[in-house]
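Overview (structure and organization)
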2 protein chains.
Amino acid sequence: MLSNIDLRQTCDKHIFKDALPPLQKKLAALQQRVREAKLPVLIVFEGWGASGKGTSIARVVNPMDPRYFDVLTMGKVSDDMVKRPFLWGYWCRIPAKGQITIIDKSWHRVILPGEQMKWGHTETEANEFYRDVTHFERQLTDDGTLVIKLFLHISQDEQARRFHALEGDPSSAWRVKAHDWAQNKQYDMHLKQFEHLLLQTQTPQTPWHIIEADDRRYAAMKICGTIADAIEARLEQLEAKPKKSAPALIVEKSVPFYSQVLANVNADQDIDNAAYKEALESLQTRMTHLGHKMYLKRRPCVIAFEGWDASGKGGGIKRLVAELDPRSYAVVPIEAPTPHELGRHYLWRFMRRMPKDGHFTIFDRSWYGRVLIERVDELTPEHIWRRAYDEINEMEAHLTHHGTVLLKFWLHIDKDEQLKRFEARQNNPAKQHKLTEADWQNRRNWEKYEIATDEMFAKTHTENAPWVIVESNNKKFARIKILQTVTDALEAALR
Amino acid sequence: MLSNIDLRQTCDKHIFKDALPPLQKKLAALQQRVREAKLPVLIVFEGWGASGKGTSIARVVNPMDPRYFDVLTMGKVSDDMVKRPFLWGYWCRIPAKGQITIIDKSWHRVILPGEQMKWGHTETEANEFYRDVTHFERQLTDDGTLVIKLFLHISQDEQARRFHALEGDPSSAWRVKAHDWAQNKQYDMHLKQFEHLLLQTQTPQTPWHIIEADDRRYAAMKICGTIADAIEARLEQLEAKPKKSAPALIVEKSVPFYSQVLANVNADQDIDNAAYKEALESLQTRMTHLGHKMYLKRRPCVIAFEGWDASGKGGGIKRLVAELDPRSYAVVPIEAPTPHELGRHYLWRFMRRMPKDGHFTIFDRSWYGRVLIERVDELTPEHIWRRAYDEINEMEAHLTHHGTVLLKFWLHIDKDEQLKRFEARQNNPAKQHKLTEADWQNRRNWEKYEIATDEMFAKTHTENAPWVIVESNNKKFARIKILQTVTDALEAALR
């Protein structure tokens with residue numbers, strides 16, 4: 001892919017002088033159209049040291065309105081990023097609708113020697129890496145983001161010439177580091193690594209554009225041209241098809257029948273008061289110890305709570321964290337997305353809250369809203385919430401690949417119990433604020449939720465991220481089961 | 001302040017057992033009222049090593065709903081924070097309305113030996129530090145945030161006992177570090193430093209509460225009691241006075257007359273085409289070099305653009321950054337604040353965008369909106385926008401104390417020129433989107449803006465953060481003046 005590229009491409013000075021300005025003008029006009037079309041664009045620059053990434057980015061953005069693009073340098077990985085799944089930092093920075101984000105050095109290089117995964121990864125880790133990368137890029141493109149990946153390729157001789165030139169000028173000598181020369185000396189080895197990386201992360205939706213960059217003018221023309229073509233093609237596509245067109249995805253025609261999990265749960269499970277008190281105390285003490293251990297071993301933990309309204313999520317969470325060091329956890333209540341959040345991929349607002357290594361994040365409702373309330377209330381078209389099953393499994397896989405302990409609870413009460421609790425809230429002035437019209441509305445949709453929940457179990461119950469149904473008619477029983485499940489899972493993970 | 005505190009306070013076991021639960025219940029109820037009253041609460045824990053900060057925070061939050069508080073550990077300063085003014089990280093994390101944020105280790109300790117300012121600061125730096133801290137706390141309380149500062153005080157013997165106990169248990173031995181024992185050995189010196197720090201940062205609105213913490217039960221009672229009292233007192237205050245009461249501040253009764261700066265500016269300044277081209281090229285080349293130098297010297301730069309509508313801010317910014325490395329700058333367009341932003345102090349959204357050391361941030365409109373559009377359109381009560389002059393000067397001082405090069409431009413055109421430009425936009429389909437009804441509305445308020453702008457100059461033109469008026473009837477002249485001013489300022493700063 002790289003080794004057979006002819007690097008002798010050049011661009012004549014006069015042609016360049018005439019051809020670049022109109023191309024840049026075109027980029028400026030396209031930027032305006034990108035804003036109007038609310039198209040998110042992510043442009044990735046990868047390549048050899050001294051291949052001209054910085055200069056090339058400058059050429060691309062030079063004609064653009066500087067208020068509406070972002071350039072991010074991701075070469076040096078920050079504290080925050082090192083302590084999280086490797087895609088986390090990129091997730092946090094995905095472009096909003098109508099925004100162009102340019103990244104200098106990308107998530108691809110994480111696996112290269114000397115980069116983030118430097119500890120020497122196993123074959124399995126490498127496979128997980130490539131799978132996670134492919135999923136990430138596909139999720140972005142599925143959501144409408146245009147991802148343009150450029151690799152700037154130069155020859156060994158040209159690279160050496162450039163390092164020498166930089167070193168010859170006192171104002172730029174600091175730019176050449178020992179590892180740059182090391183790359184040049186072992187050019188062939190690095191070539192093989194780059195090539196392997198490009199092949200593994202090449203997909204039809206997000207292909208690599210190889211830029212022959214020995215000649216700077218040729219590279220500039222090809223980079224600007226590639227980006228302009230890609231944006232233009234996408235804009236034409238968007239303008240051609242009516243906005244509310246049928247989805248390209250094949251949608252299952254009828255709601256398939258999933259095993260009726262919920263209907264077979266007996267929500268009535270009991271525990272007597274003395275047993276409750278004893279179990280609560282001993283389990284909370286275990287949680288304290290396990291919390292310390294997780295911190296020492298730098299293992300993060302994510303727990304999602306879903307369940308019927310009034311099923312006791314808040315109370316369950318409270319008992320779960322009661323004896324944890326409050327500096328080690330965050331509880332994130334999920335409400336309807338804000339306009340700011342709606343401007344990005346729906347997983348964005350969850351990813352950005354994921355815990356640092358050694359910490360806990362507990363979600364009170366979660367990314368499963370996509371296939372529950374958004375489905376039942378028809379807030380999201382079917383082909384989009386259907387796509388979410390895969391997206392969710394992929395995100396959860398990415399978290400567990402990183403070593404995250406991931407648990408998902410469904411708090412189950414039956415319809416009678418819910419009515420009792422609603423009425424109790426209504427009659428208690430101190431608790432009236434906890435009951436809203438939306439709760440009654442959801443209750444009317446009970447059967448629809450049952451179907452959605454059963455399908456959710458079937459599609460997203462995985463070995464690394466299992467669903468646990470908590471029989472919750474008795475609040476005390478539920479709390480103990482939650483604590484028991486979490487402590488067991490943490491112990492197993494720490495073994 | 002610390003040395004004369006009697007640390008022999010204790011709390012009897014039986015009293016404690018009876019008294020703590022109701023106190024915690026009270027805290028839980030207060031948390032609910034805080035949410036309803038939309039009161040932001042910031043609780044700060046400082047103190048000796050092993051004084052029980054973690055345990056105490058746990059006691060305070062234990063009864064609360066974990067979805068509605070945040071606990072932040074700020075002991076270890078992150079990459080991002082080290083490269084910015086020392087208050088930046090705290091600004092980014094101030095509580096929103098109705099939120100309780102608890103900070104374990106605070107901005108106060110930055111100045112202590114071995115902490116962030118470890119390079120050995122001068123007397124001037126220390127004074128700047130204390131002034132910045134005082135301003136920060138006052139700005140938060142002025143904006144309605146309740147700031148509660150607690151210092152956990154233990155004796156030398158008690159500290160040694162606790163270190164030994166921690167070391168005696170294999171599961172907690174890792175918590176005691178070399179610097180902890182160093183603190184214990186040099187207890188008296190540290191006592192003096194703490195005392196000095198507390199005295200310097202003691203203010204009527206944000207006093208330090210010293211907690212005698214040798215006895216854990218006594219400390220728990222006093223901490224919970226102090227917090228509950230402070231919150232309750234503030235809530236009662238809020239409930240007592242009608243929301244739209246007269247401001248406590250004394251407001252100047254009549255609009256004072258400031259020197260008419262704008263009326264005396266001749267916006268017509270010319271430059272011929274050849275001179276423009278030559279100057280543009282040479283200044284942009286200088287910018288490239290200066291950009292590099294700023295990066296090498298790790299100096300950040302902040303530039304704010306204000307001016308009449310259609311005065312050419314966008315074009316000026318574009319020429320300014322044209323030859324800068326796009327990885328080194330960000331341009332931030334300021335629009336009306338979102339609900340999310342309105343939930344916090346109005347400086348929050350600007351502070352969080354401030355550049356890392358070595359980088360540029362350019363604001364297209366800025367924090368001066370508070371005393372311009374918010375004043376003219378009466379979006380903000382007078383006593384609040386009046387307060388902003390000080391707040392702005394203080395924020396800018398904090399930036400320049402850190403070494404930020406700060407410039408503020410007012411792009412000035414006269415009323416006829418603006419009309420010409422509005423009409424040109426109206427008649428050009430490609431530019432119609434740049435002209436809105438709001439622009440015409442602002443134009444009708446020209447005289448009001450003139451008064452507001454003149455007062456703004458008078459109140460916020462400071463030595464470290466001067467206003468530069470750019471005569472902009474001729475766009476080319478304006479661009480050159482901007483570039484000239486910035487390059488001169490950077491050169492002066494780097495000398």
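Going along each chain's sequence as written, the residues are numbered from 1 onward. Note on labels: chains are lettered from A, ligands numbered from 1, in written order. It should be noted that, the model being predicted, local features are given only for residues of pLDDT at least 70 and side-chain atom pairs only at 80 or more, the latter also being counted only at that level, while totals for whole chains, interfaces and linings use all residues. Based on all heavy atoms of the structure, the side-chain values leave hydrogens and waters out of the count.

What to know about the side chain of E46 of chain B
All names here are of chain B. Heads up, the condition is: Numbering of helices and strands runs from the N terminus, with a helix taken as a DSSP run of H or I at least four residues long and a strand as a DSSP run of E at least two residues long. Think of it in three bands: residues with accessible area under 20% of the maximum for their type are buried, residues over 50% are exposed, and the middle band is partly exposed, with areas taken using a 1.4 Å probe on protein chains only. Here a polar contact is taken to be a pair of N or O atoms separated by no more than 3.5 Å, where protein atoms must pair a possible hydrogen donor with a possible acceptor and residues adjacent in sequence count only if both atoms sit in side chains.
On the secondary structure map, E46 appears in strand 1 (residues 41-47). With relative accessibility at 3%, the residue E46 sits in the buried group. Here the side chain of E46 touches R109 through a polar contact of 2.8 Å, side chain to side chain.

Considerations on helix 6 (residues 156-168) of chain A
All names here are of chain A. Heads up, the condition is: Each residue after the first adds 1.5 Å to the expected span of a helix. Pairs of residues are marked as contacts when any of their non-hydrogen atoms sit within 4.5 Å.
For helix 6, with 13 residues, the first-to-last C-alpha span of 18 Å sits near the 18 Å given by 1.5 Å per residue. Residues of helix 6 that are buried: E158, Q159, A160, R162 and F163. Contacts made by the buried residues of helix 6 are with helix 7 (178-185), helix 8 (187-200) and helix 9 (216-240).

Focus on the relation of the copies chain A and chain B
Stated formally: Overlaid copies result from least-squares superposition on C-alpha atoms, with residues included only where pLDDT is at least 70 in both.
Turning chain A through 180 degrees and shifting it by 0.0 Å along the axis lays it on chain B, with an RMSD of 0.0 Å. Expressed as a symmetry operation, the mapping of one chain copy onto the other fits a two-fold axis. Taking C-alpha positions as the reference, the residue of chain A nearest the rotation axis is D79 of chain A, at 3.2 Å. Mapped onto chain B, 100% of the interface residues of chain A again fall at the interface, so both copies present the same surface.

Some thoughts on the side chain of T487 of chain A
Residues and elements named next belong to chain A. Structurally, T487 can be placed in helix 19 (residues 475-494). Residue T487 is classed as buried on the basis of its relative accessible area of 0%. Once you skip the residues sitting within four places of it in the chain, T487 turns out to touch L283, R286, M287 and L290.

Examining the nonpolar core
Keep this limit in mind: What makes a nonpolar core is a set of buried Ala, Val, Leu, Ile, Met, Phe, Trp, Tyr and Cys residues whose side-chain atoms join them at distances within 4.5 Å.
Core analysis: the largest hydrophobic core is formed by 136 residues, its most contacted members being F409 of chain A together with F45, I227, M354 and W367 of chain B. Residue contributions to this core peak at 11 residues, all from helix 9 (residues 216-240) of chain B. Setting aside chain neighbours within four positions, we find W367 of chain B in contact with V302, A304, Y346, L347, F350, M354, I392, M395, E396 and L406 of chain B. In this structure, I43, I231, W367 and L406 of chain A belong to the second largest nonpolar core, which totals 135 residues.

Concerning the packing of helix 1 (residues 13-37) of chain B against helix 9 of chain B
Any two packed helices are characterised by the angle at which their axes cross and by the distance between the axes. Residue and element names in this part refer to chain B. Rules: Geometry is summarised by axes, namely lines fitted to C-alpha atoms with helices restricted to the contacting stretch, and by angles between N-to-C directions that run from 0 to 180 degrees. Any angle that falls under 35 degrees is termed roughly parallel, while one over 145 is termed roughly antiparallel, one within 65 to 115 roughly perpendicular, and all others oblique. Note: crossing handedness is left-handed where the near helix turns anticlockwise from the far helix by less than a right angle, and right-handed where it turns clockwise. We call Asp, Glu, Lys and Arg charged. Ala, Val, Leu, Ile, Met, Phe, Trp, Tyr, Cys and Pro are nonpolar, and the rest, Gly among them, are polar.
Close contact between helix 1 and helix 9 brings their axes to 9 Å; oriented N to C, the two are set at 30 degrees. In terms of orientation, helix 1 lies roughly parallel with respect to helix 9. Judged by the twist between their axes, the crossing of helix 1 over helix 9 is left-handed. Looking at the contact of helix 1 with helix 9 residue by residue, the classes come out as 16 nonpolar, one polar and seven charged.

Description of unusual backbone geometry
Residues and elements named next belong to chain B. The residue K38 is not glycine, and still its phi comes out positive at about 55 degrees. Along the polypeptide, K38 turns up in the loop between helix 1 and strand 1. Positive phi, close to 65 degrees, is recorded for A50, a residue that is not glycine. Looking at the element boundaries, A50 is found in the loop between strand 1 and helix 2 (53-61).

Regarding the state of the cysteines
The cut-off we apply is this: By definition, disulfides here are pairs of cysteine sulfur atoms that lie within 2.5 Å.
Under the defined criterion, the tally for this structure stands at zero disulfides over all chains. For the unlinked cysteine C301 of chain A, the closest cysteine sulfur is that of C92 of chain A, found at 19 Å.

Considerations on the interface of chain A and chain B
Stated precisely, the cut-off is as follows: Note on definitions: buried area is the accessible-area loss of two parts on being combined, 1.4 Å probe, summed for both. The term salt bridge refers to a side-chain nitrogen of Lys or Arg lying within 4 Å of a carboxyl oxygen of Asp or Glu.
Taken residue by residue, the interface counts 38 residues in chain A and 38 residues in chain B. Both faces combined, the contact of chain A with chain B buries some 3300 Å², and carbon together with sulfur accounts for 54% of it. Applying the counting criterion to the chain A and chain B interface returns four salt bridges. For R67 of chain A, the salt bridge goes to D364 of chain B, with nearest N and O atoms at 2.5 Å. Linking chain A to chain B there are 10 residue pairs in polar contact (both at pLDDT 80 or more). Elements with a contribution of two residues or more to the side of chain A that touches chain B: helix 2 (53-61), strand 2 (69-73), helix 10 (273-296), helix 11 (313-321) and strand 7 (329-333) of chain A. Looking at the side of chain A that touches chain B residue by residue, the class counts come to 19 nonpolar, eight polar and 11 charged.

Section: the packing of helix 15 (residues 382-401) of chain B against helix 18 (residues 446-460) of chain B
Residue and element names in this part refer to chain B. For the pair helix 15 and helix 18, the least separation of the axes is 10 Å and the interaxial angle reads 45 degrees. Between helix 15 and helix 18, the crossing angle belongs to the class labelled oblique. Crossing hand, helix 15 versus helix 18: right-handed. On helix 18, the residues that touch R386, Y389, I392, N393 and E396 of helix 15 are E455, M456, K459 and T460. Taken together, the residues that form the contact of helix 15 with helix 18 break down as three nonpolar, two polar and four charged.

As for the packing of aromatic side chains
Residues and elements named next belong to chain A. Quick reminder of the rule: Stacked, tilted and edge-to-face are the three classes applied to pairs of Phe, Tyr and Trp rings, where Trp contributes its six-membered ring and a pair requires centres within 6.5 Å; stacked means planes under 30 degrees apart, edge-to-face means over 60, and tilted covers the rest. For a ring to carry a charge above it, either NZ of a lysine or CZ of an arginine must fall within 6 Å of the ring centroid while also lying within 35 degrees of the normal to the ring plane.
Using the criterion set out here, one finds 48 aromatic pairs over all chains in the structure. Consider the rings of F305 and F409, whose centres lie 5.2 Å apart with planes at 35 degrees: the pair is tilted. On the criterion of sequence distance, the pair formed by F305 in strand 6 (residues 301-307) and F409 in strand 9 (residues 405-412) is long-range, its members being 104 residues apart. Relative to W367, the ring of F350 has its centre 5.8 Å away and its plane inclined at 75 degrees; by these criteria the two rings are edge-to-face. A residue pair is termed long-range when its members are at least 10 positions apart, and F350 in helix 13 (residues 348-351) and W367 in the loop between strand 8 (360-364) and helix 14 (373-376) qualify at 17 residues. Among the aromatic residues, ring-to-ring pairing joins W308, F350, F363, W367, Y368, W410, W446, Y449, F457 and W467 into one connected group. One residue, R84, lies across the ring of W88, its end atom 4.0 Å from the ring centre. Sitting above the plane of the Y346 ring, R370 keeps its charged end 4.0 Å from the centroid.

Details of helix 11 of chain A
Residues and elements named next belong to chain A. Put simply, the rule reads: The arc under discussion is defined with respect to the helix axis, by the directions toward the C-beta atoms.
Listed in full, the buried residues belonging to helix 11 are K313, G316, I317, L320 and V321. Viewed along the axis of helix 11, the buried residues span an arc of 120 degrees, placing them on a single side of the element. Those residues of helix 11 that are buried are in contact with helix 10, strand 6, strand 7, strand 8, strand 9 and helix 19.

Description of the pattern of salt bridges
If charged atoms from side chains of opposite charge come close, those side chains can pair. Considering all chains together, one arrives at 64 salt bridges over all chains under this definition. Two residues, R386 of chain B and E382 of chain B, come together in a salt bridge whose shortest N-O distance is 3.0 Å. Of this pair, R386 of chain B and E382 of chain B both sit in helix 15, separated by four residues, roughly a single helical turn. Note on R386 of chain B: relative accessible area 11%, which makes it buried. Taken together, the shared-partner salt bridges in this structure form one network comprising R375, E382, R386, E455 and K459 of chain A.

Notes on the confidence of the model for chain A
All names here are of chain A. To keep it simple, the criterion reads: The predictor rates its confidence in each residue with pLDDT, a number between 0 and 100.
Here chain A averages 91 in pLDDT, and 95% of its residues register 70 or above. Confidence scores differ between elements of chain A, with helix 3 (residues 79-82) showing the lowest mean pLDDT of 80 and strand 6 the highest of 98. Interface confidence for the predicted complex, given as ipTM, is 0.72, next to a pTM of 0.81.

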